[in-house]
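# Structural overview
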Amino acid sequence: MSKADSAVKCFTDGFNCAQAVLSSYSEELGLETEMAYKVAGAFGSGMGQLGETCGAVTGALMLIGLKYGKYKLSDTEAKDRTYACVKQYTDMFKEKFGSIKCQDLIKFDLSKPEQLAEARKAGVFQNICPKLIAASVEMIEDIIDLET
């Protein structure tokens, strides 16, 4: 099973989109799966059902941070590389899907209970979100070096 397929399964098993994407490579990047679930727990549905940045995107950005993020005060190269990867990733995602904003992608405002219910009824979480999650993991595989 590919990492993208595993991430989709994670999502369909009940974790949010950010958790699914972050956990796909968290262990390889030094973060235990349980902690990845906790860290990404507030980022699903566009950051806590706010409909803002898609959780598949925020999960990917967390992976970029795990791989390249600055953790030493003097390491400006790491910061620059991280931001360059974020730009590359978000450009790819926008090119493929038109936006990185959850509400734009799924056409429902999840911050409103009635629209959340409509999104569920319309099958958004079964039909749209898994495609975004799989594509996000595949894009990350193209951007970050997962060998080291």
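Refer to the preceding data block for the structure.
This structure is a prediction, so every number in the text was calculated from the model and none was measured.

### Focus on the layout of surface pockets
- Space inside the largest pocket adds up to approximately 350 Å³.
- Along its surface, the largest pocket is lined by 24 residues, and Phe11, Phe15, Asn16, Ser45 and Phe125 are the ones closest to its centre.
- When contributions to the lining of the largest pocket are tallied by element, the ones reaching two or more residues are helix H1 (3-12), helix H4 (44-47), helix H7 (102-106), helix H8 (113-122), helix H9 (124-127) and helix H10 (129-143).
- In terms of residues, the lining of the largest pocket owes the most to one element, H10, which gives three residues.
- Taken together, the residues of the lining of the largest pocket sort by class into 13 nonpolar, 10 polar and one charged.

### Remarks on the pattern of salt bridges
- Applying the stated criterion across every chain, the model contains five salt bridges.
- For the salt bridge of Glu34 with Lys38, the shortest nitrogen-to-oxygen distance reads 3.6 Å. Of this pair, Glu34 and Lys38 both sit in helix H3 (residues 33-40), four residues apart, which is roughly one turn of that helix.
- Classification of Glu34 by relative accessible area gives exposed; the value is 55%.

### As for the packing of H1 against helix H2 (residues 17-25)
- Close contact between H1 and H2 brings their axes to 8 Å; oriented N to C, the two are set at 145 degrees. In this structure, H1 meets H2 at a crossing whose hand is right-handed. Seen from H1, the contacting residues are Lys3, Ala7, Cys10 and Phe11; seen from H2, they are Cys17, Ala20, Ser23, Ser24 and Tyr25.
- For the contact of H1 with H2, the residue count by class is six nonpolar, two polar and one charged.

### Topic: a negative patch on the surface
- On the surface, Asp5, Glu138, Glu141 and Asp142 cluster together into a patch of negative charge.
- Sorting elements by how many residues they give to the negative patch places H10 first, with three residues.
- If you trace the backbone, Glu138 turns up in helix H10.
- Residue classification places Glu138 among the partly exposed positions, given a relative accessible area of 43%.

### Describing the packing of aromatic side chains
- Summed over all chains, the structure comprises three aromatic pairs.
- Ring centres of Phe15 and Tyr37 lie 3.9 Å apart, and the angle between their planes is 15 degrees; this geometry places the pair in the stacked category. Here Tyr37 lies in helix H3 and Phe15 lies in the loop between H1 and H2, a separation of 22 residues in the sequence.
- Phe15 sits in the partly exposed class, given a relative accessible area of 31%.
- You can call Tyr37 partly exposed: its relative accessible area is 22%.
- On the basis of an interplanar angle of 50 degrees and a centroid distance of 4.8 Å, the ring pair of Phe93 and Phe97 is categorised as tilted. Of the two residues, Phe93 and Phe97 are both situated in helix H6 (residues 76-97); the distance of four residues between them amounts to about one turn of the helix.

Calculation criteria
- Residues numbered from 1 in each chain as written.
- Predicted model: local features only at pLDDT ≥ 70, side-chain atom pairs only at ≥ 80, totals over all residues.
- Heavy atoms only, no water.
- 1 Å grid on protein atoms, 1.4 Å probe; cavity = no way out; pocket = protein on both sides within 12 Å on 5 of 7 lines; lining within 4 Å.
- Points joined across faces, edges and corners; volume = space filled by probe spheres on them.
- Helix = DSSP H or I, 4+ residues; strand = E, 2+ residues; numbered from the N terminus.
- Nonpolar A, V, L, I, M, F, W, Y, C, P; charged D, E, K, R; others polar.
- Salt bridge = Lys/Arg side-chain N within 4 Å of Asp/Glu carboxyl O.
- Buried < 20%, exposed > 50% of the residue type's maximum accessible area, 1.4 Å probe, protein only.
- Axes fitted to C-alpha atoms, helices over the stretch in contact; angles between N-to-C directions.
- Left-handed = near helix turned anticlockwise from the far one by under 90°.
- Contact = heavy atoms within 4.5 Å.
- Patch = residues over 30% accessible without salt bridge, like charges linked within 9 Å, V, L, I, M, F, W, Y side chains within 5 Å.
- Areas by Shrake-Rupley, 256 points an atom, 1.4 Å probe, with all protein chains shown as cover.
- Lys, Arg positive; Asp, Glu negative; His and termini not counted.
- Charge placed at Lys NZ, Arg CZ, Asp CG, Glu CD.
- Phe/Tyr/Trp six-rings, centres within 6.5 Å; stacked < 30°, edge-to-face > 60°.

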